[in-house]
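Now for the letters of each chain:
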Amino acid sequence: MSLLNVTDLNVSYTASSGTVQAVHGINLTVERGQTTAIVGESGSGKSTSALAIIGLLPDNASVSAGAITLIDQPVTPVMRGKRVGLIPQDPTNSLNPTKTIGESVAEGLRIHGHADVKSKVLRLLEKVGIDQPERRYKQYPHELSGGMNQRVLIAAALALEPDLLIADEPTSALDVTVQKVILDLLDQMREELGIGILLITHDLAVAGDRAHRIVVMQQGAVVEEGLAAHVLANPRQPYTQRLLADAPSLATGSQAPLRPSTREGEIILSVENLGQVYGNFTALEGLSFEVTRGSTHAIVGESGSGKTTAGRAIAGLLTPSSGQITLDGVKLKPSRALRQKVQMVYQNPYSSLNPRQTIGKAIGEGLGNFTNLTKKQIQQRVQDYLELVSLSPELANRRPRELSGGQRQRVAIARALILEPDVVVLDEAVSALDVTVQAQILRLLEKLQQELGLTYLFISHDLAVVRQISDTVTVMSRGQQVEHGETAHVFTNPQSDFTRTLLGAIPGASYRHGNYNLGL
Amino acid sequence: MKTAYTKPTALLAYLILATAILWSLAPGLFTQGDPIIGDDRALLAPSATHWFGTDSVGRDLYTRVIYGARNSLLGALVAVLVGLIIGTSLGVIAGTLRGKAETIIMRIVDVLLSIPSLLLSLAVLILLGFGTMNAAIAVGVTSIAMFARLVRSQVLSVVSSDYVEAAYGVGSTRTAVLIRHVLPNSLTPVLALVALQFASALLQLATLGFLGYGTPPPTPEWGLLIADSRAYLATSWWLTLLPGAVIVAVVLAANHISHIINQEGQV
């Protein structure tokens, strides 16, 4: 008998423009003491399915299902919290900022009329690994880190001793090392309390590490379903195969070869002792590296490591407080002329394009600034560059909202390349994209580098991607340069503890090492 | 596509505003009467010949309301333009230059906001002298602060967005960024405020007219019509009520459109 049994789940949304079928014919089960993962890209309906199970969809959604049962009882809203706990995605948004940690965790207990709430909450906080529970009890969410807040949410979800936990992308907003800790905690809780977990994730590697069963979803339907080992080792559907091939963390250490180690060539960019101080906070200190023409240098670090500050300084968008940047033999000062030589591509393609500007205008803007080309010539160049990034030239007259995330990022790349820069700073340029789109953009970047001899500065938190794309790498932590060298060298033979921790936290280890979670 | 812009209530609001605008552009189309010279008995009740009745000197009130639209709407338009142009400029300057310029501008704006608007417009009127246009300018001055504050906050949020940085990144100058990126993306809420301020300017102008600081008689103006007839409130209440209803209808219509713009965003 399964813990959770969902058969033939359908969800449709009614909007003024008509009815949209979001999810159709979903079947899944969660066993007691096991984890079932729903894997899919954005828009695949994985969150909709999970929220439908717990009954938290908005009013314009209509849910029909053959059965949603928890130990043979239909799931009702009354079970929320008591029998089914939910861990939301973004810990910083999911806790009430005006309530203390203790009150947040206690809320469910109070609603369900428990006595002796405080001691229970303290025990829970201790259980999820929060140090000094007495002190934390009185603190507010903004005083805690994202990882700590996620622990608090887990404590709140566990407070009423539910049979099933629904974890909706519980670690997507967290750094990779914190992600590992939180997932370990979930595993530990599952084993200790014998609960079932329904884990929603976009990351097949995470699912492979943590889940006993995997459900792969695409466009509202289940594509493939089965034991984790089966699905990963022997994917039957082309979509699953593509997901597996495109996930950088799964490729690491297996088929994808590292890039040829050293490339001889002239140094195009050299950074010496770069530092940035805000008031009495040091964001960046003593960063030094050199990049050869036509190669990719990666800066890796967690949030707050100073990697974006470094990228912005090199792109000339801020004046560093100390240090020197030399580009092509010339000492760099922020100026308009420099802008042509260093271009930047941003993380979020939804915020880096002006919503009121057409694609063509956005791409051509730089040309208008730096050259005396006529409007017609600019249009022609824009068309050329749209084709270069594999977009249809007809898109020039569209606006950003008509394009998908991947298409927008291609536009942002075209906007950077049309100025024929020496160095392109890619600031988390693929982090916001779905894994298949990410793979496409990475392939495009590689192709462009070979064709145009571009030099990339690739800023990322994702070591798996960095390993795939970069020649040399700088690892940063809290504004300090921790390690620096050829990517192959740093990854196979890390010198610092921090790099080792980072490498160890890349999900997908079980897949890479072949020791699958067989669900036995 | 069915949006809030095409709902029945929105259509009604457009209809009311369009009618008022037509009144002010071509009053002769709506009435044959003379707004200045009375030709009938005074204080008649509404009837088929005099839809709104006649005033104390026998002029057709309906005719005067229609001819009054021009003065009232034009006044409100000028008032909004004064507030929009000066306020938006101040807001953009404060939002883009930051530093001392921002501090000075925003403190002046705070002072403007702290003075009750009627008092402020009366003070300006006393400085400028009475009259239709002066009343409009006086009312406009009271809305400068609102526009400046709104525009500044909009500009601040747009200026920090990635696409503005990206525009600087491809070598655009500050002016170009301002015109191409910042202004187009800041103006939707400003448009909503324009509609809202139009309504409030209409009311304020009527207030000033009522108090006798606006358009001098015998030119019809909505506030003045109500002021003239308030002495007969007990016997001929419709003389106050009907022009009042017209003002309320136009103000509500403008308010409603402002509300829709705010809700829908993108125009």
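Rules and cut-offs
Residues numbered from 1 in each chain as written. Chains lettered and ligands numbered in written order. Predicted model: local features only at pLDDT ≥ 70, side-chain atom pairs only at ≥ 80, totals over all residues. Heavy atoms only, no water. Core = buried A, V, L, I, M, F, W, Y, C linked by side-chain atoms within 4.5 Å. Buried < 20%, exposed > 50% of the residue type's maximum accessible area, 1.4 Å probe, protein only. Helix = DSSP H or I, 4+ residues; strand = E, 2+ residues; numbered from the N terminus. Contact = heavy atoms within 4.5 Å. 1 Å grid on protein atoms, 1.4 Å probe; cavity = no way out; pocket = protein on both sides within 12 Å on 5 of 7 lines; lining within 4 Å. Points joined across faces, edges and corners; volume = space filled by probe spheres on them. Arc of directions from axis to C-beta. Axes fitted to C-alpha atoms, helices over the stretch in contact; angles between N-to-C directions. Parallel < 35°, antiparallel > 145°, perpendicular 65-115°, else oblique. Left-handed = near helix turned anticlockwise from the far one by under 90°. Nonpolar A, V, L, I, M, F, W, Y, C, P; charged D, E, K, R; others polar. Buried area = accessible area lost by both parts, 1.4 Å probe. Salt bridge = Lys/Arg side-chain N within 4 Å of Asp/Glu carboxyl O. Polar contact = N/O pair within 3.5 Å; in protein donor to acceptor, adjacent residues only side chain to side chain. Pairing = 2+ DSSP bridges. Domains from an automatic or database assignment. Lys, Arg positive; Asp, Glu negative; His and termini not counted. Patch = residues over 30% accessible without salt bridge, like charges linked within 9 Å, V, L, I, M, F, W, Y side chains within 5 Å. Areas by Shrake-Rupley, 256 points an atom, 1.4 Å probe, with all protein chains shown as cover.

(A) Quick look at the nonpolar core. Residue and element names in this part refer to chain A. Core analysis: the biggest nonpolar cluster contains 55 residues, and Val345, Ile363, Ile413, Leu426, Leu445, Leu448 and Phe458 have the highest contact counts within it. In terms of residue count, the dominant contributor to this core is helix H16 (residues 405–417) (six residues). Leucine 445 has contacts with Ile413, Leu426, Tyr456 and Ile469, leaving out every residue within four places of it along the chain.

(B) Looking closely at empty space enclosed by the protein. Summed over all chains, the structure comprises six cavities of 30 Å³ or more. By volume, the largest cavity amounts to about 80 Å³. Around the largest cavity, the lining residues are Ala315(A), Leu317(A), Val342(A), Gln343(A), Met344(A), Tyr346(A), Arg415(A), Ala416(A), Glu165(B), Ala166(B), Gly169(B) and Val170(B). Mapped by element, the contributors of at least two residues to the lining of the largest cavity are strand S17 (342–345) and H16 of chain A together with helix H6 (162–169) of chain B.

(C) Inspection of the environment of Asp40(B) at higher detail. All names here are of chain B. Structurally, the position occupied by aspartate 40 is in the loop between helix H1 (8–25) and helix H2 (61–97). Assessed through its relative accessible area of 36%, aspartate 40 is described here as partly exposed. Considered as a pair, aspartate 40 and leucine 112 are 72 residues apart in the sequence and their alpha carbons are 47 Å apart. Residues contacting aspartate 40, with those up to four places away along its chain left out, are His50, Thr54 and Gly58.

(D) Spotlight on helix H4 (residues 117–127) of chain A. All names here are of chain A. When H4 is considered as a whole, its buried residues turn out to be Val117, Val121, Leu122, Leu124 and Leu125. Projected down its long axis, H4 carries its buried residues within an arc of 160°, all on one side. Residues of H4 that are exposed and angled more than 90 degrees away from the buried face: Arg123 and Glu126. Where H4 terminates, the next one or two residues include glycine 129, which has phi positive at roughly 80°.

(E) View of the packing of helix H6 (residues 146–158) of chain A against helix H7 (residues 176–193) of chain A. Residues and elements named next belong to chain A. It is at 10 Å that the axes of H6 and H7 come closest, and there the two elements cross at 20°. The pairing of H6 with H7 is recorded here as roughly parallel in orientation. Of the two elements, H6 crosses H7, and the hand of that crossing is right-handed. Residue-level contacts link Gly147, Gln150, Arg151, Ile154 and Leu158 of H6 to Val178, Val181, Ile182, Leu185, Leu186, Met189 and Leu193 of H7. Here the contact of H6 with H7 is composed, by residue class, of nine nonpolar, two polar and one charged.

(F) The arrangement of the interface of chain B and chain A in detail. Taken together, the contact pairs 19 residues of chain B with 23 residues of chain A. Taken together, both faces of the contact between chain B and chain A bury some 1,800 Å²; the carbon and sulfur share is 44%. Three residues stand out in chain B for area buried against chain A, namely Asp162(B), Glu165(B) and Val170(B), and they jointly supply 33% of the buried area on that side. At the junction of chain B and chain A, the tally comes to two salt bridges. Salt-bridge contacts for Glu365(A) lead to Arg180(B); the nearest nitrogen and oxygen are separated by 2.8 Å. Taken together, the connections running from chain B to chain A amount to 15 residue pairs in polar contact (both at pLDDT 80 or more). Contributing elements (two or more residues each) for the side of chain B that touches chain A: H6 and helix H7 (174–211) of chain B.

(G) Structural view of the pattern of salt bridges. The tally for this structure, following the rule as stated, stands at 25 salt bridges over all chains. Two residues, Arg312(A) and Glu165(B), come together in a salt bridge whose shortest N-O distance is 2.0 Å. A residue pair is termed interchain when its members come from two chains, as with Arg312(A) in helix H12 (residues 307–314) and Glu165(B) in helix H6. With relative accessibility at 23%, the residue Arg312(A) sits in the partly exposed group. Glu165(B) gets classed as buried once you look at its relative accessible area, which sits at 17%. Its salt-bridge partner being Arg500(A), residue Asp497(A) comes within 2.9 Å of it at the nearest N-O pair. Taken together, the positions of Asp497(A) and Arg500(A), both in helix H20 (residues 497–505) and three residues apart, correspond to about one turn of that helix.

(H) Local environment of the sheet that holds strand S11 (residues 221–227) of chain A. Residue and element names in this part refer to chain A. In spatial order, the strands read S7-S8-S9-S3-S10-S11; together these six strands make up an open sheet with mixed pairing. Two strands close off the open sheet at either side, each with one partner strand: strand S7 (84–87) and S11. Geometrically, the sheet is characterised by an average inter-axis angle of 15° between neighbouring strands, direction not taken into account. Direction of pairing for strand S3 (residues 35–39) relative to strand S10 (residues 213–218): parallel, over a ladder of four bridges. Of the residues in S10, the one forming a bridge with threonine 36 is arginine 213. Lying over the sheet, H6 contacts S7 and strand S8 (164–168), oriented at roughly 170° with respect to S7. Helix H10 (residues 238–246) contacts S10 and S11 of the sheet and is inclined by roughly 105° relative to S10.

(I) Spatial organisation of the layout of surface pockets. Residue and element names in this part refer to chain A. Roughly 1,300 Å³ of volume is contained in the largest pocket. Forming the walls of the largest pocket are 49 residues, and the residues nearest its centre are Ser172, His202, Ser431, Ala432 and His461. When contributions to the lining of the largest pocket are tallied by element, the ones reaching two or more residues are helix H1 (46–54), H6, H7, helix H11 (248–251), H16, helix H17 (435–452) and helix H18 (463–469). Its residues placed into classes, the lining of the largest pocket shows 20 nonpolar, 20 polar and nine charged. Counting the residues that make up the lining of the largest pocket, at least three belong to each of domain 1 (32–51 + 76–251) and domain 2 (267–510).

(J) Focus on the side chain of Asp427(A). All names here are of chain A. Residue placement: aspartate 427 occurs in strand S18 (residues 423–427). It is lysine 307 that comes nearest to the buried, bridge-free aspartate 427 among opposite-charge side chains, at 6.5 Å. Reaching out from aspartate 427, the side chain makes a polar contact with the side chain of threonine 308 at a distance of 3.4 Å.

(K) Seen up close, the side chain of Arg136(A). All names here are of chain A. Along the chain, arginine 136 falls in helix H5 (residues 133–137). Within polar-contact distance, the side chain of arginine 136 engages the side chain of glutamine 139 at 2.9 Å. Among residues more than four places away in sequence, those in contact with arginine 136 are Ile101, Ile130, Asp131 and Leu144.

(L) Structural detail: the domain arrangement of chain A. All names here are of chain A. Domain assignment breaks chain A into domain 1 (32–51 + 76–251) and domain 2 (267–510). Relative to domain 2, the C-alpha centre of domain 1 lies at a distance of 32 Å. The interface of domain 1 with domain 2 comprises 19 residues on the first partner and 22 residues on the second. Taken together, the two surfaces of domain 1 and domain 2 that pack against each other cover about 1,700 Å², and 56% of this comes from carbon and sulfur. By the criterion of area lost to domain 2, the three top residues of domain 1 are Val176, Asp246 and Pro248, representing 32% of everything that side buries.

(M) Quick peek at a nonpolar patch on the surface. All names here are of chain B. A grouping of Leu74, Leu77, Leu81, Ile85, Ile86 and Met133 is seen on the molecular surface, where their side chains present a nonpolar patch of about 510 Å² in accessible area. At five residues, the largest contribution of residues to the nonpolar patch is made by H2. Assignment of secondary structure puts isoleucine 85 in helix H2. By relative accessible area, isoleucine 85 is classed as exposed at 53%.

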